[in-house]
Amino acid sequence: MNNKQKNKLFNPKGRSSKLDCNFILIVLFIVGINLQPFFLVGKINLFELGIYLPGIQSVFEGKIPYRDFFYLRGPMEIYFPALFMRVFGNNVFNLSLYFYLSAVAAIILFVFLAKHIFKTRYFLWLLTLILIARTFPRVVFTFWGGMRFVLGAVFLIFLSRYLIRGKKRDVFTAGIVSALALLTSIDVGISCVFSLFLILLIFEFFYKKSVKGFLDYSICSWSGFLLTLIIAFTYLYSNSALSSYFDSTWSVISNLQNTFNSALENDTPNTILEFIRALIPGSDHFKYITPVYLYLIFSVYFIRKWRRDSLKLESFCCLGIVFYGIVLYALSFRIVEGSQFEMALQPEKIILFFLLEEVFVYLLGVKHKLVSSVNNKGIGRISFNLLGTKKIVLINIFFLVVFMSSICYSIARFSHRFPAWQLVQYRLQNKDIARLNPLNDQPAGKADVLKLEGLILPIDQAEDFSLVKKYIEANTNAADKVMCFDELGIYNYIIDRPFVGRFPMVTFTWLNEEWHEEFLSSLKKDPPKMVLLDKNLPNWFEDIYFRNQNNRRKYDEVLNFVDLNYRLAYQTNGILILRQE
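Predicted model only: the values in this text are computed from it and were never measured.

Here is what the cut-offs are and how they apply
- Residues numbered from 1 in each chain as written.
- Predicted model: local features only at pLDDT ≥ 70, side-chain atom pairs only at ≥ 80, totals over all residues.
- Heavy atoms only, no water.
- Core = buried A, V, L, I, M, F, W, Y, C linked by side-chain atoms within 4.5 Å.
- Buried < 20%, exposed > 50% of the residue type's maximum accessible area, 1.4 Å probe, protein only.
- Helix = DSSP H or I, 4+ residues; strand = E, 2+ residues; numbered from the N terminus.
- Contact = heavy atoms within 4.5 Å.
- Salt bridge = Lys/Arg side-chain N within 4 Å of Asp/Glu carboxyl O.
- Pairing = 2+ DSSP bridges.
- pLDDT = per-residue confidence, 0-100.
- 1 Å grid on protein atoms, 1.4 Å probe; cavity = no way out; pocket = protein on both sides within 12 Å on 5 of 7 lines; lining within 4 Å.
- Points joined across faces, edges and corners; volume = space filled by probe spheres on them.
- Nonpolar A, V, L, I, M, F, W, Y, C, P; charged D, E, K, R; others polar.
- Phe/Tyr/Trp six-rings, centres within 6.5 Å; stacked < 30°, edge-to-face > 60°.
- Expected span 1.5 Å × (residues − 1).
- Polar contact = N/O pair within 3.5 Å; in protein donor to acceptor, adjacent residues only side chain to side chain.
- Disulfide = S-S within 2.5 Å.

Novice: Go over the nonpolar core, please, and point to the residues and values.
Specialist: One finds Phe-118, Phe-298, Leu-452, Met-483 and Leu-532 to be the most contacted residues of the largest nonpolar core, which totals 175 residues. Here this core gets 15 residues from one element, more than from any other, and that element is helix 5 (residues 92–115). In contact with Phe-298, not counting residues within four places along its chain, are Ser-315, Cys-318, Leu-319, Val-322, Ile-351, Phe-354 and Leu-355.

Novice: Any chance you could break down the pattern of salt bridges for me, citing the residues and the numbers?
Specialist: Under the defined criterion, the tally for this structure stands at 21 salt bridges. Between Asp-480 and Lys-529 there is a salt bridge; the shortest N-O distance is 3.7 Å. With Asp-480 in the loop between helix 19 (459–475) and strand 3 (482–484) and Lys-529 in the loop between helix 21 (513–525) and strand 4 (530–534), the pair connects residues that are 49 residues apart, well separated along the chain. Overall, the relative accessible area of 18% leaves Asp-480 in the buried class. A residue is classified by how much of its surface remains accessible, and Lys-529, at 29% relative accessible area, is partly exposed.

Novice: Go over the pairing of strand 5 (residues 566–571), please, and point to the residues and values.
Specialist: Pairing between strand 5 and strand 6 (residues 575–580): 5 bridges, direction antiparallel. Note that in strand 6 the partner of Leu-568 across the bridge is Leu-578. Counting the residues in the hairpin turn of strand 5 and strand 6 gives 3 residues.

Novice: Outline the environment of Ile-30, listing residues and values.
Specialist: Mapped onto the fold, Ile-30 is located in helix 2 (residues 21–33). Residue classification places Ile-30 among the buried residues on the basis of a relative accessible area of 0%. Between the alpha carbons of Ile-30 and Pro-458 there is a distance of 30 Å; along the sequence they are 428 residues apart. Other than its neighbours up to four places away in sequence, Ile-30 contacts Val-104, Ile-107, Ile-108, Val-111, Thr-128 and Ile-132.

Novice: Please give an account of the confidence of the model for the chain that cites residues and values.
Specialist: As a note on interpretation, predicted positions should not be read in detail where pLDDT is low. Taken over all residues, the pLDDT of the chain has a mean of 91, while the share at 70 or more is 92%. When mean pLDDT is taken per element in the chain, helix 8 (residues 168–182) scores highest with 98 and helix 1 (residues 3–9) scores lowest with 47. Segment residues 1–17 is flagged for pLDDT under 50; beyond a separation of four residues in sequence, or across chains, it makes 32 contacts in the model.

Novice: Run through unusual backbone geometry, naming residues and quoting values.
Specialist: Of note, the bond from Phe-485 into Asp-486 is cis; its omega dihedral lies within 30 degrees of zero at 5°. Counting through the fold element by element, Asp-486 comes out in the loop between strand 3 and helix 20 (490–495).

Novice: So what about the layout of surface pockets? Which residues, and what values?
Specialist: Looking at the second largest pocket, its volume works out to about 310 Å³. Lining the second largest pocket are 15 residues, and of these Lys-119, Tyr-301, Lys-305, Glu-358 and Tyr-362 lie nearest its centre. In terms of residue class, the lining of the second largest pocket is built from 7 nonpolar, 2 polar and 6 charged.

Novice: Describe the packing of aromatic side chains, with residues and values.
Specialist: Two aromatic rings are characterised by how far apart their centres lie and by the angle between their planes. Across all of its chains, the model carries 70 aromatic pairs by this definition. Ring centres 4.9 Å apart and planes at 70° place the aromatic pair Phe-203 and Phe-316 in the edge-to-face group. Highlighted residues: Phe-203 in helix 9 (residues 186–207) and Phe-316 in helix 14 (residues 313–331), separated in sequence by 113 residues. Considered together, Phe-203 and Phe-316 belong to a single accessibility category, that of buried residues. Ring geometry for Phe-485 against Tyr-555: centres 5.2 Å apart, planes inclined by 25°, an arrangement best described as stacked. With Phe-485 in the loop between strand 3 and helix 20 and Tyr-555 in helix 23 (residues 549–565), the pair connects residues that are 70 residues apart, well separated along the chain.

Novice: Account for the pairing of strand 6, naming residues and giving values.
Specialist: Of all 6 residues making up strand 6, 5 are buried, and the element is well covered by its neighbours. Summarising the sheet, strand 4 and strand 6 pair through 5 bridges and their orientation is antiparallel. Within strand 6, the position partnered with Asp-534 by the bridge is Ile-575.

Novice: Tell me what's going on with helix 5, and back it up with residues and numbers.
Specialist: Between the first and last C-alpha of helix 5 there are 35 Å, a value that for 24 residues agrees with the 34 Å anticipated at 1.5 Å per step. By the criterion of burial, helix 5 is predominantly enclosed, with 19 of the 24 residues buried. Measuring from the side-chain oxygen of the N-cap residue of helix 5 to the backbone nitrogen of Phe-93 gives 3.3 Å; that N-cap residue is Asn-91.

Novice: Which residues make up the environment of Phe-275, and what values go with them?
Specialist: You can see Phe-275 is positioned in helix 12 (residues 272–278). A relative accessible area of 26% means that Phe-275 is categorised as partly exposed. As for Phe-275 and Phe-286, which are separated by 11 residues in sequence, their C-alpha atoms are 9.0 Å apart. Not counting chain neighbours up to four residues away, the residues in contact with Phe-275 comprise Pro-269, Ile-289, Val-292, Tyr-329 and Phe-333.

Novice: Report on the state of the cysteines, specifying residues and quantitative values.
Specialist: A full pass over the atoms with the stated rule returns 0 disulfides. Unpaired in terms of disulfides, Cys-220 finds its nearest cysteine sulfur in Cys-192, a separation of 17 Å. On the basis of relative accessible area, Cys-220 is assigned to the buried category, the value being 15%.

Novice: For the side chain of Thr-135, give the residues involved together with the corresponding values.
Specialist: As for its placement among the helices and strands, Thr-135 is situated in helix 6 (residues 121–135). Here the side chain of Thr-135 touches Leu-131 through a polar contact of 2.5 Å, landing on its backbone oxygen. Setting aside anything within four residues of it in sequence, one finds Thr-135 in contact with Ile-107, Ile-130, Glu-342, Met-343, Leu-345 and Gln-346.

Pasting the structure below:
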C-alpha cells in the first residue's frame, strides 16, 4: 500500500486531538441525522418532567435541594438544567431542548474519544453510524438523560489524554469530572471512579512498574475528585442540606428497586441464575449478554498484547473505556429494556469497532503480502497462487461483511426511527410528510399556558393544562399550597403553586417509611387548599407499584385523608380538582 492509499484510509496526522475536516463532517452528520422536525409536537411525559420541573422552580425561588425539596438524583442533575433554563428561559421547551442537546453532545463526545484511539477514518465513520443508530435515546431524548452521559464521555476523554500525553492536569481534570458525574448520577459516577482507580493501578503500578508514578498520579486525580466533593458538600452543609442529601442518596440506592421494580413488566434477566442462563447462545435473553463476550474478547486481546510486550497507549485507553462500560452495563441491568441500557452500550460500541479495526489493519497487511505473492508468476508457484487468491477473496469478504452489516443496520434504524432521515425519504418518494407527525392520528392543540408556549400537545392534555391552571389561578392565591397527587408534580410548576412539604412527587415518599410519615404529618399540619388527582390511575400502578403492599398502604392512607377532608370542585378530561371542606 503506497502513501497515497494510506492517506485516503488513515488519518495522515495520526491520532490528533485537533479538529480536522473529517471530524467536522462527522459532527455535521451527527447533528443533521438527529434533527427533529417535530420537536415541538407530542405528548408531555408527566412523570419524567415532574421529577425536574418543580425542583427547578424551587431552585429559582432560592430553595435548597434535599433540605427544602426532595430530588431523586444528585444535586448537579438539578442545577445543570436550572442554569440552562435560567439563561434561555423558564419553560418546558427549554428543558426539553437541554435534554436533546445533551443527547447529541454525548454522541459527538464519544466519537471524539474514538478519534484519539482509532487508526482509520473508515472505522470512525462506521462507529459513528452505529452509535447514532443504536444508542441515541430516540424516544426519551426530550425528557431523560441530561448531562450524566456527557460527563461520562468527558471523563473518558481526559483519562485517555492522560494515558497518551502523561500530563498530570489531565488526570486531575478526570478526577474533577468523575466527582461531578457522581454528584449527577450514581451510576455514571461509580463507573468513572472504578475506571480511574483501576487504570492508575494497572498502567502505573503493574505496567510501568512505577510506585512513585502511581502515587503521584493517584494523589493528583483524587485531589481533583475530593476537592470537587468538598466544595459541593460544604455548600450543602452550609445550607443545612448535607444530612438530607446522604439520607436521600442512601434511600434511593437501597430502596428504589424494591419500591418501584419496573423490571417486573419485562421478561428480562433479574437474578444471577437467569443471567448465567442468558450466557448460553440461543437463549431467550442472549441478545442482552453479547457485551459480556465482547469484553472477554478484549481481555484476551489485551493480555496477549501484554505478554508479547506490544501494548500501545491506545490499548490502555480502551481498557479505561472497558472498565467504565462494564460497570455502567452491569448497573443498567435493573431494566434492560430501558434507555440506560442503550446508553451503556456506547463504550461497548467503541471497543467493538476498535477490535474490528485491529483485525482490519492486520488483514490488510496480510492481503498486500498475498497480492505480491500472487503476482509473482514464477514456475512452480501456481498452487500457492491459487491458495493466496482464495485467502484474498476471504479477506475481501470480511471487509465487505463488516461494511455492509454496519451500513444496512444503520439505514434500517434510520428509516424506522429517525424523523430527519424519514423526512428526506418521504420527500424523495412524494409521500405525505404529515404521516411523520407524532400527533397525526389524533386532535392536537396548544395549551393556554405561558410555560408551555410553542408546544403542540394532544388536545386532551392541552385542555387539562389550560383548564387546571385557569381554575387554580381563579380560586387560590400564589402562597396557597396545592397537592398534586400521586405523580402529578409537574402541575405545581405549571400552576405556580407550592407543594406540600418536601415532596412534589408524592410516590417518592414510599422510598422511606420516615418520609411517608413526614409527608402525612405535613399534610395534616398544613393541609393544602386544593388537591389534584388523576381521574384514572396509570396502568403501571397496578402492574408495578401496587405489587408492593406497602405502596398500596401508603397510597390509601393519603387518599383516605383526601376523601375525609376534600370535596370535588372541578374536573377536566383527566384531572379531578378537590377543594378543602
